[in-house]
Amino acid sequence: MSLTSGLYTGVSGLSATGNTMQIIGNNISNANTIGYKSSDYCFEDLLSQSIATQSGSTQVGRGTAISTVALDFTQGSFENTGNATDLAIGGDGFFKVVDPDSGSTYYTRAGNFEFDKNGNLVTSDGYIVQGWSLDENGEAQGSLTDIKMESFTSPPQESEIVTIITNLDADSASNVADLAAAWDGTAEPPISSVNYEYQTTLSVYDSLGSQHDVTVYYDKSDAGASTWEYIVTCNPSEDNRTDFDGTVYQGLLASGTLEFSESSGSITGLTMNSVDPLTGTWTAETVDSNGYFEFDANFLGGPTTIMSIELDLGTRYNGATWENSSLSSTQYAKASTTTYQTADGFGSGDLQDIDVDSDGVIT
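Quick caveat, the model's predicted, so the values are computed rather than measured.

Novice: Looking at this structure, how should I read the overall build of the protein chain?
Specialist: Counting its secondary structure elements, the protein chain contains 1 helix and 25 strands. Relative to the 2.2 N^0.38 estimate, which gives 21 Å for 363 residues, the radius of gyration of the protein chain is 39 Å and therefore markedly larger than a compact globule would have. The principal-axis extent of the C-alpha atoms belonging to the protein chain is close to 135 × 45 × 35 Å. Burial status across the protein chain gives 35% buried among its 363 residues. A fraction of 55% describes how many contacts in the protein chain between residues 6 or more apart in sequence connect residues 24 or more apart. By element, 48% of the accessible surface of the protein chain is carried by carbon and sulfur atoms, the whole surface being about 20,600 Å².

Following this line, the structure appears as structure tokens:
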């Protein structure tokens, strides 16, 4: 074995040790790098050289080298950053990202994502994160695609049904002979509190997302102990139906009667009427295809902005009789109160927050 070979053997050890120091140094320098996986190394000996000695043939090592540099893909510890789009994978797997310029696909464990100005969920390098869109049942649809916020606002939805469940006091007496006639849209207030037994108010939304209060007034009828009158109203200043402006009927959207069973207190009948503001003539309404009465409102004043809103008092006409739901208006001998009320529709919305659950579903 020559002197040169001996020196080469020693140098190979120094070189391999220097490379391991680089690997260790790289691990240390990336200790705070998001998603970084440390590297490990393995040594191997180089092909030995056979030489002849007085004792016979033997082998002399030619030195050492680094055989492999392996990445450690075991799961690291989780850290809460307070940012909803900072994500981490539990267990095996990678985030799939795409370079928007070249279309090349890459995989990463680094989940420090954010939404860019175009609504794409991107890495710090601008690569777009891939994912599936979900249907209403949470099932994946189609193939992997860019995760992108299509809109940061939601349009308003016009109200189409109001549900009002009340108990009306069976022991109350009639306050006025005709509840609808007690309404005067030109007065302030348009109806006096001495003219009704109970009232309840809820909000509805027009097609532009503006909120309007609809108030239903109730009063015991002179017609019988189990008959009630009701009127559906809004603020007269917000009533823009044609020909109603400046009349006593402004703000009076509908009137009707409620019939209750004297023994059970449940609804047995319901009527609704609409009025012609020019003649004062009341017309009986018929139920729609869902079995509910509808009242019209026009808060925006345009010829195409009339809203037809279903009134659900806890009962619907099934074609033969009035069928009460499990939650229905009643007439019991206790104070009049609102049991439940709600209206569909909503105003326009702006993005307030983003949430990612443990399954990776973005809401």
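Okay, back to it.
Novice: Quick question: what am I supposed to make of the environment of D350 here?
Specialist: Note that D350 resides in strand β25 (residues 349-350). It is 11 Å that separates the C-alpha atoms of D350 and P156, two residues lying 194 residues apart in sequence. Ignoring any residue separated from it by four or fewer positions in sequence, one finds D350 in contact with F152 and T153.

Novice: Any chance you could explain the packing of aromatic side chains here in plain terms?
Specialist: Here a ring pair, both rings aromatic, is described through the centre-centre distance and the interplanar angle of the planes. The full count for this structure, using the stated rule, is 9 aromatic pairs. Note on W183 and Y217: the rings are 6.3 Å apart at their centroids and 55° apart in plane angle, and the pair reads as tilted. Separated by 34 residues along the polypeptide, W183 in the loop between β12 (161-167) and β13 (198-205) and Y217 in strand β14 (residues 211-220) bring together distant segments of the chain. What makes W183 buried here is its relative accessible area of 4%.

Novice: How should the environment of V232 be read in this particular structure?
Specialist: For V232, the location among the structural elements is in strand β15 (residues 227-234). Overall, V232 belongs to the buried group, its relative accessible area being 0%. Along the chain, V232 and Q199 lie 33 residues apart, while their C-alpha atoms are 9.9 Å from each other. The residues contacting V232, other than those within four sequence positions of it, are V214, T215, V216, G251, L252, L253, A254, F295 and L311.

Novice: Explanation requested: a nonpolar patch on the surface in the structure shown.
Specialist: Judged by side-chain polarity, L71, F73, F94 and Y107 come together as a nonpolar surface patch covering roughly 440 Å² of accessible area. Relative to the elements of secondary structure, F94 occurs in the loop between β4 (64-71) and β5 (95-98).

Novice: Any chance you could explain the layout of surface pockets here in plain terms?
Specialist: Over the atoms rolls a probe the size of a water molecule, and its path tells where empty space is left. Taken as a whole, the largest pocket encloses approximately 940 Å³ of empty space. Lining the largest pocket are 36 residues, with I147, D359, G360, V361 and I362 positioned closest to its centre. Elements with a minimum of two residues in the lining of the largest pocket: β5, β9 (128-134) and β10 (140-146). Looking at the lining of the largest pocket, the element that brings in the most residues is β9, giving 6 residues. For the lining of the largest pocket, the residue count by class is 18 nonpolar, 10 polar and 8 charged. Considered as a void within the structure, the second largest pocket measures approximately 820 Å³ in volume. Along the walls of the second largest pocket sit 25 residues, with I34, G35, S77, E79 and A88 positioned nearest its centre. For the lining of the second largest pocket, the class distribution of residues is 8 nonpolar, 13 polar and 4 charged.

Novice: Explain the sheet that holds strand β21 (residues 307-312) to me, please; I cannot follow it from the model alone.
Specialist: Each strand in a sheet pairs with its neighbour through backbone hydrogen bonds, running either in the same direction (parallel) or in the opposite one (antiparallel). Strand order in the open sheet made by the 4 strands is β20-β21-β12-β24, with mixed pairing throughout. At either end of the open sheet lies a strand with only one pairing partner, and these are β20 (293-297) and β24 (337-343). Strand after strand, the sheet turns through a mean of 25° between neighbouring axes, direction not considered. Bridging between β20 and β21 involves 5 bridges; their strand directions are antiparallel. For E294, the partnering residue across the bridge sits in β21 and is E310.

Novice: Could you clarify how one ought to interpret unusual backbone geometry in this entry?
Specialist: Keep in mind that most residues, glycine aside, have a negative phi and that most peptide bonds are trans. Cis peptide bonds are those with omega within 30 degrees of zero, and the linkage from E188 to P189 qualifies with 0°. By secondary structure assignment, the location of P189 is in the loop between β12 and β13. One non-glycine residue, D243, lies in positive phi territory at about 75°. Mapped onto the fold, D243 is located in the loop between β15 and β16 (252-260).

Novice: How should the pattern of salt bridges be read in this particular structure?
Specialist: Within the structure shown, the criterion is met by 2 salt bridges. Salt-bridge contacts for R241 lead to D239; the nearest nitrogen and oxygen are separated by 2.7 Å. The same class applies to R241 as to D239, namely buried. In this structure, the salt-bridge partner of R316 is E323, at a minimum N-O distance of 3.6 Å.

Calculation rules
- Counting restarts for each chain, with residues numbered from 1 along the sequence as it is written.
- Whole-chain, interface and lining totals are the exception, using all residues; otherwise, since this is a predicted model, local features are given only for residues with pLDDT of at least 70 and side-chain atom pairs are given and counted only at 80 or more.
- Side-chain numbers come from the whole structure's heavy atoms, not from hydrogens or water.
- Where helices and strands are cited, they refer to DSSP runs of H or I of at least four residues and of E of at least two residues respectively, numbered from the N terminus.
- Based on C-alpha atoms, the radius of gyration is set beside the globule rule, defined as 2.2 Å times the residue count to the power 0.38.
- The rule is simple: take the accessible area with a 1.4 Å probe, protein chains only, and divide by the maximum for that residue type; under 20% is buried, over 50% is exposed, in between is partly exposed.
- Should any heavy atoms of two residues lie within 4.5 Å, those residues are counted as being in contact.
- Only the protein chains shown count as covering a residue, and every accessible area follows the Shrake-Rupley method with a 1.4 Å probe.
- Centres within 6.5 Å are what make two rings of Phe, Tyr or Trp a pair, Trp counting through its six-membered ring; a difference in plane orientation under 30 degrees is then read as stacked, over 60 as edge-to-face, and the rest as tilted.
- A residue counts toward a patch only above 30% relative accessible area and without a salt bridge, and it is joined to like-charged neighbours within 9 Å or, for Val, Leu, Ile, Met, Phe, Trp and Tyr, to nonpolar neighbours within 5 Å.
- Salt bridge, as used here, is a side-chain nitrogen of Lys or Arg placed within 4 Å of a carboxyl oxygen of Asp or Glu.
- Detection works on a 1 Å grid of protein atoms alone, calling trapped sets that fit a 1.4 Å probe cavities and calling open sets with protein on both sides within 12 Å along at least five of seven lines pockets, with lining residues defined by an atom within 4 Å of a point.
- Grid points are joined across faces, edges and corners, and a volume is the space filled by probe spheres set on the points.
- Nonpolar residues are Ala, Val, Leu, Ile, Met, Phe, Trp, Tyr, Cys and Pro. Charged residues are Asp, Glu, Lys and Arg, and all others, Gly as well, are polar.
- Two strands form a pair only when DSSP identifies at least two bridges running between them.
- Only the stretch in contact is used when a helix axis is fitted, and all axes are lines through C-alpha atoms; the angle between N-to-C directions ranges over 0 to 180 degrees.

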